[in-house]
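# Structural description and commentary
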Amino acid sequence: MLKGQMSGSICSCTALPPSLQPKRMSCIYGFSSVPSFSTAASKPRTVIRCSLQGTVAEPKATSVAEPLLLNAVRGEDVERPPVWLMRQAGRYMKAVMNHFLSYQIICQKYPSFRERSENVDLVVEISLQPWNVFKPDGVILFSDILTPLSGMNIPFDIVKGKGPVIFNPLRTAADVDPVREFVPEESVPYVGEALTILRKEVDNKAAVLGFVGAPFTLASYVVEGGSSKHFSQIKRLAFSQPKVLHSLLQKFATSMAKYIQYQADAGAQAVQIFDSWATELSPVDFEEFSLPYIKQIVDTVKQTHPTLPLILYASGSGGLLERLALSGVDVVSLDWTVDMAEGRRRLGPDMAVQGNVDPGVLFGSKEFITNRINEVVRKAGNRKHILNLGHGIVVGSPEENVAHFFEVAKGIRY
Ligand SMILES: Cc1c2[nH]c(c1CCC(=O)O)Cc1[nH]c(c(CCC(=O)O)c1C)Cc1[nH]c(c(CCC(=O)O)c1C)Cc1[nH]c(c(C)c1CCC(=O)O)C2
């Protein structure tokens, strides 16, 4: 196992608003206090010196030609599974970061999620926080699946304590008609700029990951008006006016295919498609209202970007695993309700898998976390596995346990 050492690691950050630039930074695990963030103009790169328990080693200098994550997805021989965590940037990052710019401090200064996720400097800064602390093998863009909505003429906000809010939920043909196809370079230029900067900063030591929402999951938000328990509005639409829903899904499919192409052109090295709520559909309805649109996205993207790995995640997908694979994606991300060995068997040896430790395990003891990681890695086998949680990190997960997760994961050798 790796002994946690980050000696000599680089903490590099791009331009931050001057008011957000801290003077010094240190690590609660025993980093020496060193200057941290800098403006893009001055660009000094700063060394974090630390010798710590619970944080992770630098990737080997020899393994940086291609990120480990890409090699693993392609089925090449790798020495360990690559690891990153869904929602690795965000609200759980409090104590680990509390000597410098934590996500929570940024939230105090910029209380609006949309502002935090639509400003290049903040997006880069927040995306890099987990990279600077844990050195995951994937660095995911800080954004949201709903970010494209305003560019599609669907006004929305993400409200603290409430979640996504769609101001005028779409429930009729007349509501769907004004929805515009998305033109990413016009509507979200900050996403492309941020990905390009991230790619430079991460410098192939990890894979920069983009993401989009799948049509059904996006539609569930815009039809329900926000998060939902019973999905009754979208089911009413699906089961009483299917044509209206299909026309909305088609607009999302065309738009998200373009968005993936845009993200890849800007620097994303793999893109995850989140169909978080597709599993609210019975298999027959999944085949009508979700699968064809994901497949359309995959087919379109593969035409222009045949080697870009596409990862598909749906929450609670045990009943739909084989159908998820029919979309043509390269990686199926399993949630924790599926046994990894069974998931592997059901998907076959050619499909790469991601996951699938229960996010709740991060609330357990270090020994328990270690055992669960080892179990998942053993069951996944030594090919085509990206270690991850089965869903996003839960707010309140102890940061030292997240650090332990990465330390154990990066110490694994096949
Ligand atoms: C369904 C969904 C959404 N957004 C997303 C999904 C798919 C993944 C999943 O199934 O969880 C995707 C998403 N949202 C966010 C990311 C960031 C990248 C990462 O670190 O993984 C990603 C990949 C940031 C975010 N997106 C959001 C937050 C929390 C709000 C905040 O930090 O201020 C973050 C960090 C807001 C959001 N956005 C959404 C919800 C349900 C919420 C939570 C509302 C709440 O709990 O307050 C919609």
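Thresholds, definitions, all that
- Residues numbered from 1 in each chain as written.
- Predicted model: local features only at pLDDT ≥ 70, side-chain atom pairs only at ≥ 80, totals over all residues.
- Heavy atoms only, no water.
- UniProt positions renumbered as here; feature names shortened; annotations may be inferred.
- Salt bridge = Lys/Arg side-chain N within 4 Å of Asp/Glu carboxyl O.
- Helix = DSSP H or I, 4+ residues; strand = E, 2+ residues; numbered from the N terminus.
- Buried < 20%, exposed > 50% of the residue type's maximum accessible area, 1.4 Å probe, protein only.
- Pairing = 2+ DSSP bridges.
- Right-handed = clockwise from strand over helix to strand, strands pointing away.

The protein chain appears in an unreviewed UniProt entry as Uroporphyrinogen decarboxylase from Turnera subulata. Regarding the protein chain, the UniProt comment filed under Subunit (unreviewed entry) reads as follows: "Homodimer." Reading the Catalytic activity (unreviewed entry) entry of the UniProt record for the protein chain gives the comment "uroporphyrinogen III + 4 H(+) = coproporphyrinogen III + 4 CO2".

### Observations concerning the pattern of salt bridges
Counted according to the given criterion, the structure contains 12 salt bridges. Salt-bridge contacts for Arg413 lead to Glu79; the nearest nitrogen and oxygen are separated by 3.9 Å. Residue Arg413 is located in the segment after helix H16 (399-411), and its partner Glu79 is located in the loop between helix H1 (68-73) and helix H2 (103-109); the two are separated by 334 residues in the primary sequence. Under the relative-accessibility criterion, Arg413 is labelled partly exposed at 39%. When the shortest N-O distance is used, the salt bridge between Asp137 and Arg80 registers 2.9 Å. Taken together, the residues span a long stretch of sequence, with Asp137 in the loop between helix H4 (120-134) and strand S5 (138-140) and Arg80 in the loop between H1 and H2 at a distance of 57 residues. Summarising the burial analysis for this pair, Asp137 and Arg80 share the class buried.

### So, the pairing of strand S12 (residues 352-357)
Among the 6 residues that make up S12, 6 are buried, leaving the element largely enclosed by the rest of the structure. Here strand S11 (residues 331-333) runs beside S12; their pairing, made up of 3 bridges, is parallel. Residue pairing in the sheet places Val331 in a bridge with Ala352 of S12. Between the parallel pair S11 and S12, the chain is carried across by helix H14 (residues 340-347), and the sense of this crossover is right-handed. Relative to strand S13 (residues 385-389), S12 is paired through 5 bridges, and the arrangement is parallel. Within S13, the position partnered with Gly355 by the bridge is Leu387. This β-α-β element, S12 to helix H15 (residues 366-380) to S13, shows right-handed connectivity.

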